[in-house]
Amino acid sequence: MDLLALSDFTLVARHEGFGRAARATGRPKATLSRRVAELEAALDLRLFERGGRMLKLTEEGRALYARTSRLLQEMEEATTAIASGGETPKGRLRISAPLLFAQTALGQIAADFVKAYPDVRLEVTTEDRPVDMIEEGYDLVIRVNPAPDESLVGRAFLRDRLVIVAHPDLRRPEEGAAVPAIVRSMADGSAWSMKTSGGPESLAIEPVMGLSSLVMVRDAVRAGVGVGRLPVSLVSHDLADGALVQWGEADAPEIALWALYPSRRLLSARVSAFLESLKQAFPRGVPEELAAYAGRALQAV
């Protein structure tokens, strides 16, 4: 494939027209049109719908643009960096992160990052759904216990664990009796396995409230509505000041936060710098480090 033609295609797509692209870059409009036509002929695909004064990407054109524009940008950045003997992080950096992590820590981390790298334009989207990094144009995603994906690589930068907590006034049930519970889903089951100082136990629960947000679950537990199963980092301050008590440690998989990026792309200076910021924020990767951020977030409210 002709990389020059591909580069001109992304240029036209970015500026949404041959004339705009020509004016923005000083390239001849006829050259851009010819290059795009050659690319369409080579691919045997129509990449733009041409009608009157409007130019619109076809479905195939949108897919090609989504998958190649950032690749070409990073190739250009890489060659510029090599030519200049180094690379300073700059440009747009798009990150997707889970809501709880964003609320507790990412605001401060993002602010520190932008102070350190003022030429980076950081954009953070908070959502818990799996995103398509290529199609949706993300440079980095932060995910909790992500499923294996051959197209992504990354590292776990923080680990947490679940504990079962309750208000001090909530009495532990008699053996076999169910205790009111605040759950993420009303289909969470009828018992929680937990580890205590006396050994493993099975805690019978009766879900009385289903809340999708862990912060809401914590607040309901603090109000004495029922027990909850929550990350240590989210409740450590409540446990320390006596607002909550721990009944046991949940017999559940460890929580791991991963920073992921596409393996087939060059790792830009922006992504590398943000990964280093996460490493500096959580040098040991333990729940107490995240709890410190959560404590500062609570003090700021």
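Here, the structure is the one placed above.
This text gives an overview of the structure that appears in the document. (Residues numbered from 1 in each chain as written. Predicted model: local features only at pLDDT ≥ 70, side-chain atom pairs only at ≥ 80, totals over all residues. Heavy atoms only, no water.)

**Overview of the sheet that holds strand 7 (residues 162-166)**
Let me state the cut-off plainly: By definition, two strands form a pair when at least two bridges between them are found by DSSP. Secondary structure elements follow DSSP: runs of H or I no shorter than four residues count as helices, runs of E no shorter than two count as strands, and numbering proceeds from the N terminus. Orientation is described by lines fitted to C-alpha atoms, with helices fitted over the stretch in contact, and by angles between N-to-C directions that extend from 0 to 180 degrees. Note on contacts: a residue pair is in contact if any heavy atoms of the two residues lie within 4.5 Å.
Strand order in this closed barrel of 6 strands is 7-11-8-10-9-12, and the pairing throughout is mixed. Pairwise comparison of adjacent strand axes, ignoring direction, gives a mean angle of 50° for this sheet. Judged from the 6 bridges that link them, strand 9 (residues 191-196) and strand 10 (residues 199-210) form a sheet pairing that is antiparallel. Of the residues in strand 10, the one forming a bridge with Thr196 is Gly199. Lying over the sheet, helix 7 (residues 214-222) contacts strand 7, strand 8 (179-183), strand 10 and strand 11 (227-231), oriented at roughly 140° with respect to strand 11. Strands in contact with helix 8 (residues 232-241) are strand 7, strand 11 and strand 12 (245-250); relative to strand 11, the strand with the most contacts, it is inclined by about 115°.

**Describing the packing of aromatic side chains**
Geometrically, a pair of aromatic rings is defined through the distance of the ring centres and the angle of the planes. Note the threshold: Pairing of aromatic side chains requires ring centres within 6.5 Å, counting the rings of Phe and Tyr and the six-membered ring of Trp. Pairs whose planes differ by under 30 degrees are stacked, by over 60 edge-to-face, and all others tilted. Partly exposed residues are those whose accessible area sits between 20% and 50% of the maximum for their type, while under 20% is buried and over 50% is exposed, using a 1.4 Å probe and protein chains only. To sit over a ring, a charge needs its Lys NZ or Arg CZ within 6 Å of the ring centre and within 35 degrees of the ring normal.
Enumeration over the complete set of coordinates arrives at 8 aromatic pairs. Residues Phe9 and Phe48 carry aromatic rings whose centres are separated by 5.5 Å and whose planes lie at 55° to one another, so their mutual orientation is tilted. Of this pair, Phe9 sits in helix 1 (residues 3-15) while Phe48 sits in strand 1 (residues 48-51), placing them 39 residues apart in sequence. Look at Phe9 and you get buried, because its relative accessible area is 0%. A ring pair is formed by Phe157 and Phe282, whose centres lie 5.9 Å apart and whose planes are at 35°; its orientation type is tilted. Taken together, the positions of Phe157 in strand 6 (residues 152-160) and Phe282 in the loop between helix 9 (269-281) and helix 10 (287-300) put the pair 125 residues apart, joining distant regions of the chain. Taken together, the aromatic side chains of Phe101, Phe157, Phe282 and Tyr293 make up a single cluster linked through ring pairs. Positioned above the aromatic ring of Tyr138 is the side chain of Arg94, whose terminal nitrogen or guanidinium carbon lies 4.3 Å from the ring centre.

**Structural notes on the environment of Asp188**
Relative to the elements of secondary structure, Asp188 occurs in the loop between strand 8 and strand 9. Expressed as a C-alpha distance, the spacing of Asp188 and Gly210, which sit 22 residues apart in the sequence, is 9.2 Å.

**Quick notes on the sheet that holds strand 6**
Reading across the sheet, the 5 strands line up as 4-3-5-13-6 and stay open at both edges, with mixed pairing between neighbours. Each edge of the sheet is formed by a strand with only one pairing partner; in this case those strands are strand 4 (120-126) and strand 6. The sheet shows a mean angle of 20° between the axes of neighbouring strands, taken without regard to direction. Where strand 3 (residues 91-97) and strand 4 come together, 7 bridges link them in parallel fashion. Among the inter-strand pairings, Arg92 is bridged to a residue of strand 4, identified as Arg121. Strands in contact with helix 9 are strand 3, strand 4, strand 5 (140-144), strand 6 and strand 13 (255-262); relative to strand 3, the strand with the most contacts, it is inclined by about 45°.

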